[in-house]
Amino acid sequence: MQTTEDLIRNVVQQVLTQMGTGPAPTNGHANGAPKGPSGDLGVFSTVESATAAAEAAFHAFRDRPLLDRKKAVSVIRKICVEQAEELGRLELEETQIGRLDHKIAKLKVSIPLIPGVEYLRTDNASGDAGVTFTDYTPFGVIGSITPVTHSLPTLAANAINMLAAGNTVVFNAHPSGRAIAALGVQKFNKAIAESTGLENLLTIIDPPTIETASGLFASPKVKLLVVTGGPAVARAALGSKRRAIVAGPGNPPVVVDATADLDQAARCIVEGAAFDNNLLCIGEKQVFAVGSIFDRLMETMPKYQGFRLTAPQIESLTRAAFENGSDGKPHVRKELVGKDPAILAAHAGVKIPASTQLLYGETGADHPFVQVEQMMPFVPFVKVPDVDRALTLAHASEHGYGHTAVLHSRDVAVMARMGKLMDCTIFVVNGSSLDGLGGEAVPSFSIAGPTGEGVTTPLTFCRQRRTAIAGGFRFS
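Residues numbered from 1 in each chain as written. Predicted model: local features only at pLDDT ≥ 70, side-chain atom pairs only at ≥ 80, totals over all residues. Heavy atoms only, no water.

A.B. asks: Give a detailed account of the environment of Gly349, specifying residues and quantitative values.
C.D. replies: Within the secondary structure layout, Gly349 lies in the loop between helix H13 (341-348) and strand E14 (358-362). Along the sequence, Gly349 and Lys70 sit 279 residues apart, while their C-alpha atoms lie 53 Å from each other. (Helix = DSSP H or I, 4+ residues; strand = E, 2+ residues; numbered from the N terminus.)

A.B. asks: Any chance you could break down the pairing of strand E7 (residues 222-228) for me, citing the residues and the numbers?
C.D. replies: Summarising burial for E7: six of the seven residues are buried, a large majority. Inspection of the sheet shows strand E4 (residues 141-146) paired to E7 by five bridges, in the parallel sense. Following the sheet pairing, Ser144 is matched in E7 by Val226. Judged from the four bridges that link them, E7 and strand E8 (residues 244-247) form a sheet pairing that is parallel. Among the inter-strand pairings, Val227 is bridged to a residue of E8, identified as Val246. Regarding topology, helix H9 (residues 231-238) serves as the crossover connection from E7 to the parallel E8, and that connection is right-handed. (Buried < 20%, exposed > 50% of the residue type's maximum accessible area, 1.4 Å probe, protein only. Pairing = 2+ DSSP bridges. Right-handed = clockwise from strand over helix to strand, strands pointing away.)

A.B. asks: Could you give me a rundown of the pattern of salt bridges, with the residues and numbers involved?
C.D. replies: Overall, the coordinates contain 17 salt bridges when judged by the stated rule. Between Arg410 and Asp261 there is a salt bridge, with the nearest N and O atoms lying 4.0 Å from each other. With a gap of 149 residues between them, Arg410 in the loop between strand E16 (404-408) and helix H16 (412-422) and Asp261 in the loop between strand E9 (253-256) and helix H10 (262-274) connect regions that are remote in the sequence. Residue Arg410 is classed as exposed on the basis of its relative accessible area, which comes to 57%. Ionic pairing is found between Glu323 and Arg333, a salt bridge with its closest N-O pair at 3.2 Å. Of this pair, Glu323 sits in strand E12 (residues 322-324) while Arg333 sits in the loop between strand E13 (330-332) and H13; the two residues are ten residues apart in sequence, bridging distant segments of the chain. The partly exposed category is assigned to Glu323, whose relative accessible area is 38%. (Salt bridge = Lys/Arg side-chain N within 4 Å of Asp/Glu carboxyl O.)

A.B. asks: Can you lay out the side chain of Ser446 for me, pointing to particular residues and giving the numbers?
C.D. replies: Its location among the elements puts Ser446 in the loop between strand E17 (426-429) and strand E18 (447-448). Looking at Ser446, its side chain comes within polar contact range of the side chain of Asn158, at 3.2 Å. At a separation of 2.8 Å, a polar atom in the side chain of Ser446 contacts the side chain of Thr228. If near-sequence neighbours (up to four positions away) are discounted, Ser446 is found in contact with Thr154, Asn158, Thr228, Ala247, Gly454, Val455 and Thr456. (Polar contact = N/O pair within 3.5 Å; in protein donor to acceptor, adjacent residues only side chain to side chain. Contact = heavy atoms within 4.5 Å.)

A.B. asks: Hey, could you go over the packing of aromatic side chains for me, with residue numbers and the actual values?
C.D. replies: Across all of its chains, the model carries three aromatic pairs by this definition. On the numbers, 4.9 Å between centres and 85° between planes, the contact of Phe322 with Phe369 is edge-to-face. Separated by 47 residues along the polypeptide, Phe322 in strand E12 and Phe369 in helix H14 (residues 368-371) bring together distant segments of the chain. When sorted by exposure, Phe322 lands in the same class as Phe369, which is buried. Here the aromatic residues Phe322, Phe369 and Phe378 are joined through ring pairs into a cluster of three or more. (Phe/Tyr/Trp six-rings, centres within 6.5 Å; stacked < 30°, edge-to-face > 60°.)

A.B. asks: So what's going on with the side chain of Lys103? Which residues, and what values?
C.D. replies: Considering the arrangement of structural elements, one finds Lys103 in helix H5 (residues 100-110). The class for Lys103 is buried, based on a relative accessible area of 2%. Side-chain polar atoms of Lys103 contact the side chain of Asp276, separated by 3.2 Å.

A.B. asks: Explain the nonpolar core residue by residue, including any values.
C.D. replies: Residues Ile76, Ile111, Phe188, Leu202 and Ile204 are the most contacted members of the largest nonpolar core, which totals 54 residues. The greatest single-element share of this core, amounting to nine residues, is contributed by helix H6 (residues 151-164). When residues no more than four places from it in sequence are discounted, the contact partners of Leu202 are Gly42, Ile76, Ala159, Leu163, Val169, Phe171, Val185, Phe188, Asn189 and Ile192. (Core = buried A, V, L, I, M, F, W, Y, C linked by side-chain atoms within 4.5 Å.)

Structural data, given as structure tokens:
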């Protein structure tokens with residue numbers, strides 16, 4: 001029987017070879033990240049040194065007032081806003097996926113909205129038997145695996161949430177986003193040390209390898225694992241002996257019924273699916289539209305810079321975008337993940353206007369672009385006879401990930417049916433997928449569907465501690 005350690009090692013091997021956009025550097029720091037000795041502003045070469053530094057930092061951090069947590073969170077937000085253009089450019093240069101304007105927006109617009117210390121609370125109850133307080137307290141050292149799709153935004157958002165909760169963190173970045181992750185940790189740590197005098201609240205293992213990921217999963221100093229990634233890394237985290245919070249994969253479907261505002265639906269589909277070239281796990285990946293409005297919806301898409309591919313063009317793009325794996329199933333070719341529409345269009349054999357935001361076209365429900373989370377700015381549209389069939393196919397295409405689903409409809413009964421059927425962490429009605437992390441709620445770059453925590457906040461990274469004072473303690 002395969003041991004848990006072997007399982008983790010094998011799965012992490014898969015993770016490190018998936019979704020990269022090129023070979024990761026084997027030494028030093030690329031794209032401007034300072035190269036320094038082990039322990040330079042939080043960068044360590046081994047799991048042991050990184051976790052030891054994080055553990056020592058936690059013991060110092062836990063004795064500090066909440067004001068120091070606020071200061072740490074504040075400087076991270078400030079760096080992300082003020083240096084968004086530089087950091088966004090460095091991330092794009094290293095990872096070679098996504099769009100520069102959206103890389104910048106994730107840092108400048110989203111990170112300031114990530115909740116901090118203000119999100120913490122103390123619950124209390126009092127009565128004749130006394131008073132009971134329930135505090136939300138830190139776990140200690142958190143081990144965090146971050147993806148290549150949003151390397152620095154995920155790291156920054158998690159750092160804000162986790163530090164606000166009073167924890168320290170050891171990061172293990174995806175190899176193809178290691179340099180920008182290390183640079184972010186160094187910048188954040190320098191500013192935190194200047195404002196609080198505390199060092200190594202954030203640490204990172206560089207270079208990240210199969211051994212460092214496995215070692216982080218097994219380290220006795222790590223009290224909580226937080227993993228953001230695809231199915232393989234999610235399985236590895238769930239197979240470890242540590243408690244894990246897992247933000248797993250998604251393949252968000254969109255249903256458009258006969259009552260929908262088609263202009264709004266088209267605008268929202270383009271807005272969500274085109275963002276950062278569809279790298280967001282919440283992004284619209286496939287659309288099921290009822291036949292009575294299908295043609296009108298397709299004709300509305302160009303109004304919002306959508307470009308329709310013909311059946312032969314889709315076939316050409318599919319051959320370029322997928323390859324059959326050893327399991328006989330189609331797998332995404334990493335070379336096209338997060339690439340611009342013009343690059344995909346070239347593989348489809350067509351030249352598109354420079355203003356194009358998103359490619360789209362009609363396919364069958366069993367098409368690879370429908371069934372596989374492809375993270376490219378092409379969205380397949382499937383024509384269905386009625387909303388019942390749309391809901392059935394949408395549910396099947398999401399594969400039970402329980403991540404995100406989108407509906408465009410004015411029918412409240414359809415809203416209720418789809419919400420219950422999909423049972424997703426995020427369900428957006430009459431908006432773009434981006435509204436699922438905006439509007440009146442807080443954003444996050446780690447959405448824990450597999451383990452049930454949902455959109456992560458500082459409270460996600462806390463344990464509850466009850467204090468009971470026995471006897472009467474009332475003043476009224």
